[in-house]
Amino acid sequence: MAKQIEVAGLDAYYGTHKAIEGISMTIEPRSVTAFIGPSGCGKSTFLRTLNRMHEVIPGARVEGKVRLEDQDLYGADVDPVSVRRTIGMVFQRPNPFPTMSIFDNVAAGLRLNGRHSRSQLDGIVEESLKGANLWNEVKDRLNKPGAGLSGGQQQRLCIARAIAVRPQVLLMDEPCSALDPISTLAIEDLISQLKQDYTIVIVTHNMQQAARVSDKTAFFNLAAQGQPGKLVEMDETSKIFTNPAEKATEDYITGRFG
Amino acid sequence: MTVQTGIQPISSARRAKDRLVQVLVYLAFALAVIPLLSVLWLVVKNGIGRLDMEFLTHSMRNIGARDAGGGAYHAIIGTLEQVLLASLIAVPIGLLTAVYLVEYGEGGRLSRTISFFVDVMTGVPSVVSGLFVLAFWILVLGMPFSGFAGALALSILMMPVVVRSAEEMLRLVPRELREASYALGVPKWRTIVKVVLPTAFTGIVTGVMLAVARVAGETAPLLLTVFVTDSINNDPFNGPQMGLPLYVFDQAGRPTDTAVDRAWTGALTLILIVMLLNLVARLITWWRSPARRR
C-alpha cells in the first residue's frame with residue numbers, strides 16, 4: 001500500500017517567481033517525514049508539488065522529476081486527477097464540505113469518483129472514521145452536518161475523508177496549526193498509527209511536533225527574501241535535532257535563527 | 001497629586017453625535033419604508049375588493065366596456081408561462097456563463113469581454129429588449145406575436161441579473177473547498193457540479209428569484225412582443241397572449257371604474273404571485289440547507 005517517493009532536481013514557480021529550487025530527496029514508505037523551516041521557505045509549495053496540487057493555482061508550474069516507486073508523476077500522459085487519488089492531502093485549516101453530512105463528507109471522495117453500493121460505503125466510512133479516531137464521537141450522528149463538529153473533530157474528519165479513498169501517500173500541510181493541544185495530541189497519535197499503512201509527509205512549524213512524530217526531518221531555508229527556498233539538509237529526526245550537519249539547521253532548531 | 005487614569009466617561013459631545021447619527025439612520029430607514037408600505041397599502045386597499053374566484057378563473061372575453069365582472073385568468077396564465085419560459089432560457093445560460101467566468105475564465109481576454117457585455121446588458125432599458133425581439137424575431141424572421149416572443153425579451157433582461165448574482169455567489173465559495181475536492185482526486189467538472197454549485201445553491205436561488213421578480217413586472221417588452229388579448233390563450237407559442245402587467249396597463253387605461261378596479265386587483269395578483277414564488281424559493285433553500293439537519 002505505502003510507496004516510496006523520489007524527487008530529483010525539482011523547481012516550482014508561481015508565474016515568473018521561482019518559489020523552490022533544486023530539491024532532491026527520497027521519502028521512505030511506512031514512515032513519517034517532517035518538513036520544517038521558516039515561513040515562506042517553500043515547504044508547503046514543495047508538499048503540493050508531490051500530488052500535483054501546485055498547478056491548480058493559475059500560473060503555477062513545476063520543473064524536475066517526482067517518482068512514486070517507478071512512475072513519473074509529471075510524465076506527459078499522467079492524469080493529475082489519478083495522482084491526487086493516489087496521494088491524499090490534509091490541509092492546514094479543516095475544510096469539510098459544508099453542504100454534506102459527516103457520512104457524506106467521508107464518502108465524498110468515493111461517491112464523486114464512481115458508484116459504490118450503500119453497504120460498501122457504510123463499511124468504508126466506518127473503517128475510515130475508526131482509522132481517524134473519530135468513530136466513537138460521531139457514530140450516533142453520522143447524518144448531521146460535518147461543519148457542526150469542533151475544530152479538532154473536523155480535522156480528523158478531513159483525515160478520515162482523505163484515507164477513505166485508500167491513498168498510498170498522505171500529505172499533511174500543518175494539520176495541527178489551527179488546533180488546541182489536546183486535539184493536536186489526538187492527531188499526532190493518529191499519525192503514529194497511520195504510518196503502519198501509509199507514507200506520511202507532514203509540514204509543521206512546531207519543532208517539538210516534528211521531533212515527536214517523524215522518523216526523518218527535512219530542513220528548508222531560503223537565502224534571502226525573494227530568493228527561492230532550498231532543501232538545506234535531510235536526515236534521521238534524532239540526528240537533525242541533536243547533531244545536525246549544517247550550521248543553519250542548528251541555528252533554526254535552537255532558536256538562534258534570524 | 002491625582003494620577004491621570006486612561007479610562008474616562010464618554011464626553012457629552014460624543015453622546016450628542018451618537019444621538020444625532022442614530023436619529024438620521026432611523027429617519028433614512030423610515031423614508032425608505034414609507035413609500036414601500038404606502039404602495040403596498042394602496043394596492044391591497046384598492047385591489048382586495050375584486051380579488052374573488054371570478055377574477056381568478058375568468059378572462060375578459062365578452063365583457064363589455066361598462067360591464068362589471070371579468071377577470072385576469074388569461075393574464076395570470078400568460079405571466080406564469082412567459083416567466084417560466086424566460087427562466088428556462090436565461091437561468092441555464094446565465095449560470096453556465098457565471099461558472100465560466102469564475103472557474104475557467106481566469107481573468108483572460110474572453111472573460112473580461114463577457115464581463116463587460118454583461119455590465120452593458122444590465123443597463124439595457126427593458127423597452128429596448130422588446131424592440132429587439134420585435135425587430136428580429138417578429139419582423140425579420142416573420143414569427144407571430146406570442147408568449148414565447150415575450151419570454152425571449154424577458155430572458156434578455158434576466159440573463160445579466162442571473163450572471164452577476166451567480167458569479168458573486170460562486171466567488172464566495174472558499175478556495176479551500178475546491179482544493180479539498182481536487183485533493184480527493186475529483187476532476188474539476190465534478191468538483192464544480194458536486195461541491196461548488198451545492199455550496200452556492202442558496203445564494204443562486206435568491207439571485208434567480210430577484211431576476212424573476214424583476215421581469216415578472218415588465219410591461220414594455222411584452223407590449224411589443226405578446227401583444228394584447230382579452231381571451232384565454234394557453235399556447236405560448238402561438239398567437240397573442242396576455243400578461244398581468246399588460247392587463248394592469250390595459251385596464252387602467254379604460255375609462256370606467258370597474259376597469260380601474262380590475263387593474264388594481266391585477267396589480268395585487270402580480271405582487272401575490274411574486275411573493276408566492278419567493279416563498280417557494282425560500283422553502284427550497286430551507287429544505288436543502290444543512291441547518292435543517294442540525
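It should be emphasised that the depicted structure is a prediction, and the values quoted were computed from it without experimental measurement.

Draft legend 1. Region of the structure containing the overall build of chain B. What chain B contains, in helices and strands, is 11 helices and 0 strands. Listing the helices and strands of chain B from first to last along the sequence gives α-α-α-α-α-α-α-α-α-α-α. The C-alpha extent of chain B, read off along each of the three principal axes, is 95 × 60 × 40 Å. When the 294 residues of chain B are sorted by exposure, 37% land in the buried category.

Draft legend 2. Local environment of the overall build of chain A. The number of helices and strands found in chain A is 10 helices and 10 strands. Rg of the C-alpha trace for chain A: 18 Å, near the compact-globule value of 18 Å for 258 residues, within the 12% margin. Seen through its C-alpha atoms, chain A measures out along the principal axes to roughly 55 × 45 × 30 Å. Burial statistics for chain A: of 258 residues in total, 48% are counted as buried. Intrachain contacts of chain A at a sequence separation of at least 6 include 68% that bridge at least 24 residues.

Draft legend 3. Up close: unusual backbone geometry. Residues and elements named next belong to chain A. In this model, R30 sits at a positive phi of 50°, which is unusual for a non-glycine residue. Along the chain, the position of R30 falls in the loop between β2 (17–27) and β3 (32–36). Look at R30 and you get partly exposed, because 16 C-beta atoms sit within 10 Å. For R166, which is not glycine, the phi dihedral falls at a positive 55°. Relative to the assigned elements, R166 resides in the loop between α6 (151–164) and β7 (169–173).

Draft legend 4. Region of the structure containing the nonpolar core. Of all hydrophobic cores here, the largest spans 137 residues; its most connected members are A:L170, B:M158 and B:V162. With residues near it in sequence (within four places) discarded, A:L170 still touches A:G88, A:V90, A:A162, A:I163, A:L194, A:Y198 and A:I200.

Draft legend 5. Summary view of the confidence of the model for chain A. Looking at chain A, pLDDT values average 89 and 99% of them are 70 or higher. Per-residue pLDDT, averaged within each element of chain A, yields its smallest value for helix α7 (residues 181–194) of chain A (87) and its largest for β3(A) (94).

Draft legend 6. Structural detail: the environment of B:V195. Among the secondary structure elements, B:V195 is positioned in helix α8 (residues 188–216). Note on B:V195: 24 C-beta atoms within 10 Å, which makes it buried. Ignoring sequence-local partners within four residues, the contact set of B:V195 consists of A:F97, B:L177, B:R178 and B:S181.

Draft legend 7. Region of the structure containing the packing of helix α3 (residues 73–105) of chain B against helix α10 (residues 244–252) of chain B. Residue and element names in this part refer to chain B. It is at 7 Å that the axes of α3 and α10 come closest, and there the two elements cross at 145°. Note on element contacts: α10 touches α3 through L244, L246 and Y247, opposite A75, I76 and T79. Here the contact of α3 with α10 is composed, by residue class, of 5 nonpolar, 1 polar and no charged.

Draft legend 8. How the structure looks around the packing of α3(B) against helix α6 (residues 147–172) of chain B. Residue and element names in this part refer to chain B. Between α3 and α6, the least distance of the axes is 6 Å, while the angle of their chain directions is 35°. By crossing handedness, the relation of α3 to α6 is classed as right-handed. For the contact of α3 with α6, the residue count by class is 21 nonpolar, 8 polar and 3 charged.

Draft legend 9. Structural context of the interface of chain A and chain B. Between chain A and chain B, the residue contacts involve 28 residues of the former and 19 residues of the latter. Put simply, the parts of the chain that give the side of chain A that touches chain B at least two residues each are α2 (80–86), β6 (87–90) and α3 (102–111) of chain A. The biggest single contributor to the side of chain A that touches chain B is α2(A), with 4 residues. In terms of residue class, the side of chain A that touches chain B is made up of 13 nonpolar, 10 polar and 5 charged.

Draft legend 10. Summary view of the environment of A:K65. Residue and element names in this part refer to chain A. Structurally, the position occupied by K65 is in strand β4 (residues 60–68). Considering only alpha carbons, one finds K65 and E6, 59 residues apart in sequence, at a separation of 8.0 Å. If we ignore the near neighbours within four places in the chain, the residues touching K65 are A8, G9, D72 and Y74.

Draft legend 11. Inspection of the pairing of β4(A) at higher detail. Residues and elements named next belong to chain A. The sheet contact formed by strand β1 (residues 5–14) and β4 spans 8 bridges and is antiparallel. In the strand pairing of β4, Y14 is matched with A60. Two elements, β4 and strand β5 (residues 71–72), share 2 bridges in a ladder whose sense is antiparallel. Paired with L68 across the two strands is Q71, which belongs to β5. Hairpin connection of β4 to β5: 2 residues between the antiparallel strands, including E69 at a positive phi of 50°.

Cut-off values and rules
- Residues numbered from 1 in each chain as written.
- Chains lettered and ligands numbered in written order.
- Predicted model: local features only at pLDDT ≥ 70, side-chain atom pairs only at ≥ 80, totals over all residues.
- Helix = DSSP H or I, 4+ residues; strand = E, 2+ residues; numbered from the N terminus.
- Buried ≥ 20, exposed ≤ 12 C-beta atoms within 10 Å, placed from the backbone.
- Rg over C-alpha atoms; globule rule 2.2 N^0.38 Å.
- Contact = placed C-beta atoms within 7 Å.
- Core = buried A, V, L, I, M, F, W, Y, C linked by C-beta atoms within 7 Å.
- pLDDT = per-residue confidence, 0-100.
- Axes fitted to C-alpha atoms, helices over the stretch in contact; angles between N-to-C directions.
- Nonpolar A, V, L, I, M, F, W, Y, C, P; charged D, E, K, R; others polar.
- Left-handed = near helix turned anticlockwise from the far one by under 90°.
- Pairing = 2+ DSSP bridges.

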